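The chain contents come next:
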Amino acid sequence: MDVTIYHNPKCGTSRNTLALIRHAGIEPTVIDYLAHPPAKDVLAGMIRDGGLTVRQAIREKGTPYEELGLADPALTDDQLLDAMIATPILINRPFVVTPLGTRLCRPSEAVLDILPPDAFTSAFVKEDGEAVLDETGKRIA
């Protein structure tokens, strides 16, 4: 299965998402989006395909969101996308793209919606100890 993750290795959610993908037996294409941000049309497509608005895909915490005046409701999606490409830390993460769909995987277990359901056969626990899959690989509600 062809899977791409737009990853930040310093982000726990991103690391957990990557670990879940690998737990499914899939070695994804890992893109460090801070060093290699997606093209504007690719980012816009991921946001659209993920069912989000551009504003929902902007990361505010730990970014220059306020300093750049991005809270201004008069800014267009095009202007916000330009800011995200120019300052990639503004792109919320991790985005994951698979043949089954695209998701902003916050929380990390959102990736389960776009991976084959039969790919998991054992338990998975996040870095913080939260159980996501039981011993049979079924999602814990």
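Basis of the calculations
Residues numbered from 1 in each chain as written. Predicted model: local features only at pLDDT ≥ 70, side-chain atom pairs only at ≥ 80, totals over all residues. Heavy atoms only, no water. Helix = DSSP H or I, 4+ residues; strand = E, 2+ residues; numbered from the N terminus. Rg over C-alpha atoms; globule rule 2.2 N^0.38 Å. Buried < 20%, exposed > 50% of the residue type's maximum accessible area, 1.4 Å probe, protein only. Contact = heavy atoms within 4.5 Å. Areas by Shrake-Rupley, 256 points an atom, 1.4 Å probe, with all protein chains shown as cover. Pairing = 2+ DSSP bridges. Axes fitted to C-alpha atoms, helices over the stretch in contact; angles between N-to-C directions. Polar contact = N/O pair within 3.5 Å; in protein donor to acceptor, adjacent residues only side chain to side chain.

Undergrad: Would you explain the overall build of the chain in this entry?
TA: If you tally the helices and strands in the chain, you get 3 helices and 6 strands. Scanning the chain from its N terminus toward the C terminus, one meets helices and strands in the order β-α-β-α-α-β-β-β-β. Relative to its length of 141 residues, the chain is compact, with a C-alpha radius of gyration of 16 Å against a globular reference of 14 Å. If one aligns the C-alpha atoms of the chain with their principal axes, the spans along those axes are about 50 × 30 × 25 Å. Across the 141 residues that make up the chain, the buried fraction comes to 42%. By sequence separation, contacts in the chain at least 24 residues apart represent 58% of the contacts at least 6 residues apart. Accessible surface, the chain: about 7,200 Å² in total, of which carbon and sulfur atoms supply 53%.

Undergrad: What is the right way to look at helix α2 (residues 40–49) in this model?
TA: Because the α-helix completes a turn every 3.6 residues, residues three or four places apart line up on one side. Listed as buried for α2 are Leu-43, Gly-45, Met-46 and Ile-47. Those residues of α2 that are buried are in contact with β1 (4–7), α3 (77–86), β3 (95–98) and β4 (101–104). Gly-51 sits one or two residues past α2 and shows a positive phi near 75°.

Undergrad: How should the sheet that holds β1 be read in this particular structure?
TA: Pairing between the strands of a sheet is mediated by backbone hydrogen bonds and can be parallel or antiparallel. Pairing within the open sheet is mixed, and its 4 strands lie in the order β2-β1-β3-β4. Each of the sheet's edge strands pairs with one partner strand only, and the pair in question is β2 (29–32) and β4. Looking at each pair of strands side by side, their axes are set apart by 15° on average, direction ignored. For β1 and β3, the ladder comprises 3 bridges, and the chain directions are antiparallel. Bridge pairing in β3 links Ile-5 to Val-96. This element, helix α1 (residues 12–23), spans β1, β2 and β3 of the sheet and lies at about 160° to β1. Where α2 meets the sheet, its contacts fall on β1, β3 and β4, and the angle it forms with β3 comes to roughly 80°.

Undergrad: I would appreciate a short explanation of the side chain of Thr-63 in the present structure.
TA: When you line up the elements, Thr-63 lands in the loop between α2 and α3. According to the relative accessible area criterion, Thr-63 is buried, its value standing at 13%. At a separation of 3.0 Å, a polar atom in the side chain of Thr-63 contacts the main-chain carbonyl oxygen of Arg-59. Among residues more than four places away in sequence, those in contact with Thr-63 are Ile-89 and Leu-90.

Undergrad: Would you mind going over the pairing of β3 with me for this structure?
TA: Each regular strand displays side chains that alternate between the two surfaces of the sheet. Sheet topology note: the β3/β4 ladder contains 4 bridges and is antiparallel. Following the sheet pairing, Val-97 is matched in β4 by Thr-102. The hairpin turn running from β3 into β4, its antiparallel successor, is 2 residues long.

Undergrad: What's the story with unusual backbone geometry in this structure? I'm lost.
TA: That bond from Arg-93 to Pro-94 is cis: its omega, -5°, falls within 30 degrees of zero. Inspection of the secondary structure puts Pro-94 in the loop between α3 and β3. In this chain, Arg-106 is followed by Pro-107 through a cis amide linkage whose omega measures 5°.

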